[in-house]
Amino acid sequence: MGNSASLKVSDQRKWQSETAMSPAPPSMQNKTSSLLVAGKQSAAACGNKCTHDEMERDRIGLWGCGDGQSSGKISGLDRLKHPGLNKGLAFTIEERQALGIHGLLPARVKSQEEQVQLCKLSLERYEDPLNKYIYLMGLLDRNEHLFYRFVGENVADLMPIVYTPTVGLACQKYGLIYRRPRGLFITINDKGHVYDILKNWPETDVRAIVVTDGERILGLGDLGACGMGIPVGKLALYTALAGIKPHQCLPITLDVGTNNETMLTDPLYIGLRQKRVRGAAYDEFIEEFMQAVVHRFGQNCLVQFEDFGNANAFRLLEKYRGKYCTFNDDIQGTAAVAVAGLLASLRLTHKKLSENTFVFQGAGEAALGIAELCVMAMRAEGVSDEDARDRIWMVDSKGLIVHDRPEGGLNEHKVKFAKHCPPIKTLEEVVNTAKPSVLIGAAAIRGAFTPSILRTMAANNARPVVFALSNPTSKAECTAEEAYSNTDERAIFASGSPFPDYRTKDGRILRPGQGNNSYIFPGLALGILCAGLIDVSEDFMLLAAEALAEVVSQEDLDLGSLYPPLKDIQNCSIKIAKKIVEHAYDTGKAQVQPQPLDTEAFIRAQMYDARYCAALPPQYAWPASGEPRVDLV
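Residues numbered from 1 in each chain as written. Predicted model: local features only at pLDDT ≥ 70, side-chain atom pairs only at ≥ 80, totals over all residues. Heavy atoms only, no water.

**Here's the deal with the overall build of the protein chain**
Then comes step 1: Counting its secondary structure elements, the protein chain contains 26 helices and 14 strands.
Then comes step 2: Evaluated residue by residue, the protein chain yields a buried proportion of 57% over its 633 residues.
Then comes step 3: Taking the contacts inside the protein chain whose residues are at least 6 apart along the sequence as the reference set, 73% of them involve residues at least 24 apart.
Then comes step 4: With an accessible surface of roughly 27300 Å², the protein chain has 53% of that area assigned to carbon and sulfur atoms. (Helix = DSSP H or I, 4+ residues; strand = E, 2+ residues; numbered from the N terminus. Buried < 20%, exposed > 50% of the residue type's maximum accessible area, 1.4 Å probe, protein only. Contact = heavy atoms within 4.5 Å. Areas by Shrake-Rupley, 256 points an atom, 1.4 Å probe, with all protein chains shown as cover.)

Below is the structure:
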């Protein structure tokens, strides 16, 4: 028996490859493997068949991890114009001479470290956050390696500029600051030709798409085509925080119009000047888009839905998950980062998650996503689904969600959390009735957590948990200072936007943790791509939350933060990706074969290196030829 087990392990190690970092095509999979048989994708509804009606594909199988650029194709002058190849003054004299660009640059040769320092000095000259954003986007347009190294080494300082809260302002002013294309705008007028537009994108090795229709940008509402700032910002973080290669990322805005009158009357608005298209035409357009992505980039291309309106967000997630490689960050990413914070908070409250009572201000896609993942986490503790849902109270614009509410407003997602009690109109009344230990805000209503509500939380709990998750900062339910000062500094606080440190009465410094989705979605995407997942099921979201919670140190908790410092976010991404990849192989869902023996080394080998590489191909000697010389007459 022991010899047999030893033989099996030996055979497995022969099949696996420690050094094989590039995936083999699916046809090389071991069809007899029990794991692979079990991994027929949880969405067996798609029959393990392709999801596009036509069989033709531009890309088949799983690609290797190369950069997709042949140095022989690019002239020296083109290198100065190509953001992925330009090194600016970091080109050596030898490279400048060989590439034919000597004299086109000043004589000084700089290191990338010197360039990073110059970027810091340049950025510090700007006081307005929007001008800082424009500077960084200009840097991204000129020199990708320098941009990603600059952001990667200064995550805590630059995250609020590249992403929330400044990206919200950038979207509002997008018509003013638009300089050059950084993604695809596909309009409803292009229906029937979506694939043709995808073919216009110059990169063919696209692995990850972030797509929006601009209807619900952060807490700002319908910004139409100006919502493009969100996919651009998200994918910049894919690379800066998780090392997904920039040429493999594609931001897309699906322009179906806007119902925002300010945008429609703005002479600088860059999108279609029409009301939003709804109904069958909209659904057909989205379906064509999803099929065109598979046709052009393959079944394993990740499509992250971002900032769709509530009704469409839930509907499209239900329609496409399991059939396509997709997830919705507003629903699932927000849920994972919030649950990670809740799991970390248990080390301070000394409770199980299922021993808490939760009240949500908001019942949109973010709040419902968090609630559903909380239910899943409580079930993992052994609590029934019914008991888990009983612990969750949800308040929307019409008050507490109850059965047979006279005002209505219940959909299939909300009704799962409806209470059997008389209607309650206000959040304060709900807090007084439910006596929650956890208060979560995700409705973008500034000041929703009033001093009175916070004091009630403090009266009912030794360590009240308060999450003000709405973005941008102007929409947060309360500030960190309000949370601490109204709870005798006992609150366990987290927010969606950054807040300054808080000094307690006894002189301690509290650093409120920012429950930003960027802790989750870059690492999640990295794991999905490395494993070649198609079905991104909900268990991967809970795994991501658990992985993030595990990274939180006792020192972080002592400082009042439920999340690790932003400067450590790249390490978080790798830890999350590792859990995703390992679970993908354990459940048989991984399409990349063979399975690597060292998961973390495999993941790191796929990641983008922001440091410059040599601009010239390697030179090496050939042996002297033994053939006789032939003189030409």
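**Concerning the packing of aromatic side chains**
Then comes step 1: Evaluated as defined, the whole model comprises 14 aromatic pairs.
Then comes step 2: Between F147 and Y148 the ring centres are 4.9 Å apart and the planes differ by 80°, which places this aromatic pair in the edge-to-face class. Accessibility classification places F147 together with Y148 in one group, the buried group.
Then comes step 3: Look at Y238 and F521: their rings are 5.9 Å apart centre to centre, the planes differ by 35°, and that puts the pair in the tilted class. Residue Y238 is found in helix α12 (residues 229-242), and its partner F521 is found in helix α22 (residues 521-531); the two are separated by 283 residues along the sequence. As far as burial versus exposure is concerned, Y238 and F521 are alike and both buried. (Phe/Tyr/Trp six-rings, centres within 6.5 Å; stacked < 30°, edge-to-face > 60°.)

**Brief notes about the packing of helix α6 (residues 129-142) against helix α8 (residues 155-162)**
Then comes step 1: Their axes nearest at 9 Å, the elements α6 and α8 cross at an angle of 100°. Judged by the inter-axis angle, α6 sits roughly perpendicular to α8. Across from P129, K132, Y133 and L136 in α6, the residues of α8 making contact are L158, I161 and V162.
Then comes step 2: Of the residues in the contact of α6 with α8, the class split is six nonpolar, no polar and one charged. (Axes fitted to C-alpha atoms, helices over the stretch in contact; angles between N-to-C directions. Parallel < 35°, antiparallel > 145°, perpendicular 65-115°, else oblique. Nonpolar A, V, L, I, M, F, W, Y, C, P; charged D, E, K, R; others polar.)

**Here we look at the environment of I60**
Then comes step 1: Turning to its location among the elements, I60 is positioned in the loop between α2 (34-38) and α3 (76-81).
Then comes step 2: Sequence separation between I60 and F297 is 237 residues; the distance between their C-alpha atoms is 8.3 Å.

**Let's talk about the nonpolar core**
Then comes step 1: With 168 residues, the main nonpolar core has I186, I209, Y238, I252, F289, I392 and M394 as its most contacted residues.
Then comes step 2: In terms of residue count, helix α16 (residues 329-349) provides more of this core than any other element does, 12 residues in total.
Then comes step 3: Setting aside residues no more than four positions away along its own chain, I392 makes contact with F358, F360, A371, C374, V375, M378, F417 and K419.
Then comes step 4: One finds V359, W393, M457 and F493 within the second-largest nonpolar core, a separate group that totals 28 residues. (Core = buried A, V, L, I, M, F, W, Y, C linked by side-chain atoms within 4.5 Å.)

**A closer look at the environment of Y324**
Then comes step 1: With respect to the element layout, Y324 can be found in the loop between α15 (310-320) and β5 (326-328).
Then comes step 2: With relative accessibility at 5%, the residue Y324 sits in the buried group.
Then comes step 3: Taking C-alpha positions, Y324 is 8.4 Å from V294, a pair spaced 30 residues apart along the chain.

**Here's the deal with the sheet that holds strand β11 (residues 492-495)**
Then comes step 1: Spatially, the seven strands line up as an open sheet ordered β8-β7-β6-β9-β10-β11-β14, and their pairing is mixed. Where the open sheet ends on each side, the last strands, each with one partner, are β8 (399-400) and β14 (513-514).
Then comes step 2: In the sheet, strand β6 (residues 358-361) pairs with strand β9 (residues 438-441) via four bridges, with the strands oriented parallel. Its bridge partner being in β9, F358 is matched across the sheet by V438. (Pairing = 2+ DSSP bridges.)

**Some remarks on unusual backbone geometry**
Then comes step 1: T164 connects to P165 through a cis peptide bond whose omega is 5°.
Then comes step 2: Summarising the element assignment, P165 is placed in the loop between α8 and α9 (166-172).
Then comes step 3: Cis geometry is found at the peptide bond from N471 to P472, where omega equals -10°.
Then comes step 4: For D404, which is not glycine, the phi dihedral falls at a positive 55°.
Then comes step 5: Its identity as a non-glycine residue notwithstanding, D488 has a phi of 55°, on the positive side.
Then comes step 6: Inspection of the secondary structure assignment puts D488 in the loop between α21 (480-485) and β11.
Then comes step 7: Accessibility expressed as a relative area gives 55% for D488, which makes it exposed.

**Here we look at empty space enclosed by the protein**
Any empty space left between the atoms is revealed when a probe the size of a water molecule rolls over them.
Then comes step 1: Applying the stated criterion across every chain, the model contains one cavity of 30 Å³ or more.
Then comes step 2: Roughly 40 Å³ of internal volume is contained in the largest cavity.
Then comes step 3: Around the largest cavity, the lining residues are L342, S345, L346, T349, L353, N356, F358, V438 and V465.
Then comes step 4: Here the lining of the largest cavity takes four residues from α16, the largest share from any one element. (1 Å grid on protein atoms, 1.4 Å probe; cavity = no way out; pocket = protein on both sides within 12 Å on 5 of 7 lines; lining within 4 Å. Points joined across faces, edges and corners; volume = space filled by probe spheres on them.)

**A few points about the packing of helix α23 (residues 538-551) against helix α25 (residues 569-586)**
Then comes step 1: The interhelical angle for the contact between α23 and α25, taken along N-to-C directions, is 140°, at an axis separation of 9 Å. Overall, the two elements α23 and α25 adopt an arrangement that is oblique. Judged by the sense of rotation from one axis to the other, the crossing of α23 with α25 is right-handed. Packed against α23, whose contacting residues are D539, F540, L543, A544, E546, A547, L548, E550 and V551, the element α25 presents N571, C572, K575, I576, K579, I580, H583 and A584 at the interface.
Then comes step 2: For the contact of α23 with α25, the class distribution of residues is 10 nonpolar, two polar and five charged. (Left-handed = near helix turned anticlockwise from the far one by under 90°.)

**A look at the pattern of salt bridges**
When charged atoms on two side chains of opposite charge get close, those side chains can pair.
Then comes step 1: Within this structure, the stated rule accounts for 37 salt bridges.
Then comes step 2: For the salt bridge of E113 with R149, the shortest nitrogen-to-oxygen distance reads 3.0 Å. Linking E113 in helix α5 (residues 112-124) with R149 in helix α7 (residues 144-153), this pair joins segments that are 36 residues apart in sequence.
Then comes step 3: Taking the shortest distance from any N to any O, the salt bridge between D535 and K589 comes out at 3.6 Å. Note that D535 is positioned in the loop between α22 and α23 and K589 in the loop between α25 and α26 (599-606), a separation of 54 residues in sequence.
Then comes step 4: Looking at K589, the relative accessible area reads 8%, which means it is buried. (Salt bridge = Lys/Arg side-chain N within 4 Å of Asp/Glu carboxyl O.)

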